[in-house]
Amino acid sequence: MNFLEERIVKDGVIKEGNVLKVDSFLNHQMDIELLDRIGAEFKARFASHPINKILTIEASGIGIACMVARHFNVPVVFAKKSKTINLDDDVYTAEVESFTHRCKNTVVVSKKFLSPDDHVLVIDDFLANGCALQGLLSILHAAGATVEGIGIVIEKGFQNGGRTIRNLGYHLESLAIIDKFNDDGTLTFREQ
Ligand code: 5GP
């Protein structure tokens, strides 16, 4: 088990509906040393890519992306959830269905902050069905930016997102992939 898998086993809480709560260390209370290690790990895995920007999505991706960005010395842009339908010419928009909240959000990124010159690493906390990621990828596509890679902290391997994204040819790295929530309350991680 790697450092993250060990922490998930120690402090993760399995909820109904195949939801894993990691809010004591990852996305509510945040263990900054752990996030720093996560940043170092992504830096090592994407070392050969000319990354000049990190893109994530509000809200739980932001803290993680910032810590990763310290290792790349690049800025972070986060897609904002917008309550109003924003039809301005100055933003890229995408529709994202929330797995945990079961609602649809429009997310927006200002055109000021993404351009064809950008080489982007996408970062998020979880990958489940891949909706959040598909939204970010469509924004990057609209901007003409290059997707250098995708870094996910926890992938739920029994949902479709990871397979779909890999089949599209993206370089996707997930630090922990959960293949099964077992009936006895344990988790099965994919060997990587
Ligand atoms: P997707 O769009 O891939 O279906 O879901 C990804 C988003 O849903 C992530 O940004 C994350 O916030 C949330 N999410 C999905 N599964 C889980 C889970 O098991 N636990 C938590 N805490 N969040 C999840």
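You'll find the structure just up there.
This one's a predicted model, so the numbers in the text were calculated from it and none came from an experiment.

A. Spatial organisation of the overall build of the protein chain. Along its length, the protein chain carries five helices and ten strands. Structurally, the protein chain occupies a C-alpha span of about 50 × 35 × 35 Å along its principal axes. Within the protein chain, contacts between residues separated by at least 24 positions form 60% of all contacts whose residues are at least 6 apart in sequence. For the protein chain, the accessible surface area stands at approximately 9,900 Å², while carbon and sulfur atoms represent 48% of it. A distance of 2 Å separates the average location of the 21 positive side-chain charges in the protein chain from that of its 26 negative side-chain charges.

B. Structural view of the sheet that holds strand S8 (residues 146-156). The strand order across the open sheet formed by eight strands is S5-S6-S4-S3-S7-S8-S9-S10, and the pairing between neighbours is mixed. The open sheet is flanked by strand S5 (91-97) and strand S10 (187-189), the only strands paired with a single partner. If you compare each strand with its neighbour and ignore which way they point, the axes differ by 30 degrees on average. For strand S3 (residues 53-57) and strand S4 (residues 76-82), the ladder comprises four bridges, and the chain directions are parallel. Residue pairing across strands places Leu-55 opposite Val-77, the latter belonging to S4. Contacts between helix H1 (residues 3-11) and the sheet are confined to S8, strand S9 (172-181) and S10, with S9 contributing the most and set at about 35 degrees to the helix.

C. View of the pairing of strand S7 (residues 119-127). Buried residues dominate S7, accounting for eight of its nine residues. Here three bridges tie S3 to S7, and the two strands are oriented parallel to one another. When the bridges of S7 are listed, Lys-53 appears paired with Val-120. Two elements, S7 and S8, share eight bridges in a ladder whose sense is parallel.

D. Structural context of the site of the ligand. Looking at the ligand, there are 17 residues lining it, with Leu-20, Ala-128, Asn-129, Gly-130 and Lys-156 nearest. In the complex, 89% of the free accessible area of the ligand, which totals 510 Å², lies under the protein chains. Breaking the shell around the ligand down by element, the ones donating at least two residues are strand S2 (19-21), S7 and helix H4 (131-143). With four residues, the top contributor of residues to the shell around the ligand is S7. Residue classes in the shell around the ligand are distributed as eight nonpolar, six polar and three charged.

E. Here's a closer look at helix H2 (residues 32-45). The first and last C-alpha atoms of H2 sit 20 Å apart over 14 residues, in line with the 20 Å expected at 1.5 Å per residue. Buried within H2 are the following residues: Leu-34, Leu-35, Ile-38, Gly-39 and Phe-42. End-on view of H2: buried residues confined to an arc of 145 degrees, all on one side of the axis. Opposite the buried face of H2, by more than 90 degrees, sit the exposed residues Glu-33, Arg-37 and Ala-44. By the N-cap criterion, in which a side-chain oxygen at the helix start approaches the backbone nitrogen of a residue two or three places on, H2 is capped by Asp-31, the distance to Glu-33 being 3.0 Å.

F. Seen up close, the pairing of S3. When you tally the buried positions in S3, you get five out of five residues, the bulk of the element. With burial as the criterion, each face of S3 is covered, one bearing Lys-53, Leu-55 and Ile-57 and the other bearing Ile-54 and Thr-56. After leaving S3, the chain enters helix H3 (residues 60-72) and then returns to the sheet as S4, a path that is right-handed.

G. Structural view of the side chain of Lys-156. Considering the arrangement of structural elements, one finds Lys-156 in strand S8. Of the side chains with opposite charge, Asp-125 comes closest to the buried, unpaired Lys-156, at an N-O distance of 10.0 Å. Of the polar contacts made by the side chain of Lys-156, one reaches the backbone oxygen of Asn-18; its length is 2.6 Å. Look past the residues within four positions of Lys-156 in its chain and what remains in contact with it is Asn-18, Val-19, Phe-99, Phe-126, Leu-127, Ala-128, Ile-178 and Phe-181.

H. Quick peek at unusual backbone geometry. The step from Glu-58 to Ala-59 runs through a cis peptide bond, and the omega angle for that step is -5 degrees. Tracing the sequence through the fold places Ala-59 in the loop between S3 and H3. Its identity as a non-glycine residue notwithstanding, Asn-18 has a phi of 60 degrees, on the positive side. For Asn-18, the position within the fold is in the loop between strand S1 (13-15) and S2. On the basis of relative accessibility, which here comes to 36%, the residue Asn-18 falls in the partly exposed class.

About the criteria used
- Residues numbered from 1 in each chain as written.
- Predicted model: local features only at pLDDT ≥ 70, side-chain atom pairs only at ≥ 80, totals over all residues.
- Heavy atoms only, no water.
- Helix = DSSP H or I, 4+ residues; strand = E, 2+ residues; numbered from the N terminus.
- Contact = heavy atoms within 4.5 Å.
- Areas by Shrake-Rupley, 256 points an atom, 1.4 Å probe, with all protein chains shown as cover.
- Lys, Arg positive; Asp, Glu negative; His and termini not counted.
- Charge placed at Lys NZ, Arg CZ, Asp CG, Glu CD.
- Pairing = 2+ DSSP bridges.
- Axes fitted to C-alpha atoms, helices over the stretch in contact; angles between N-to-C directions.
- Buried < 20%, exposed > 50% of the residue type's maximum accessible area, 1.4 Å probe, protein only.
- Near = heavy atom within 4 Å.
- Nonpolar A, V, L, I, M, F, W, Y, C, P; charged D, E, K, R; others polar.
- Expected span 1.5 Å × (residues − 1).
- Arc of directions from axis to C-beta.
- Polar contact = N/O pair within 3.5 Å; in protein donor to acceptor, adjacent residues only side chain to side chain.
- Right-handed = clockwise from strand over helix to strand, strands pointing away.
- Salt bridge = Lys/Arg side-chain N within 4 Å of Asp/Glu carboxyl O.

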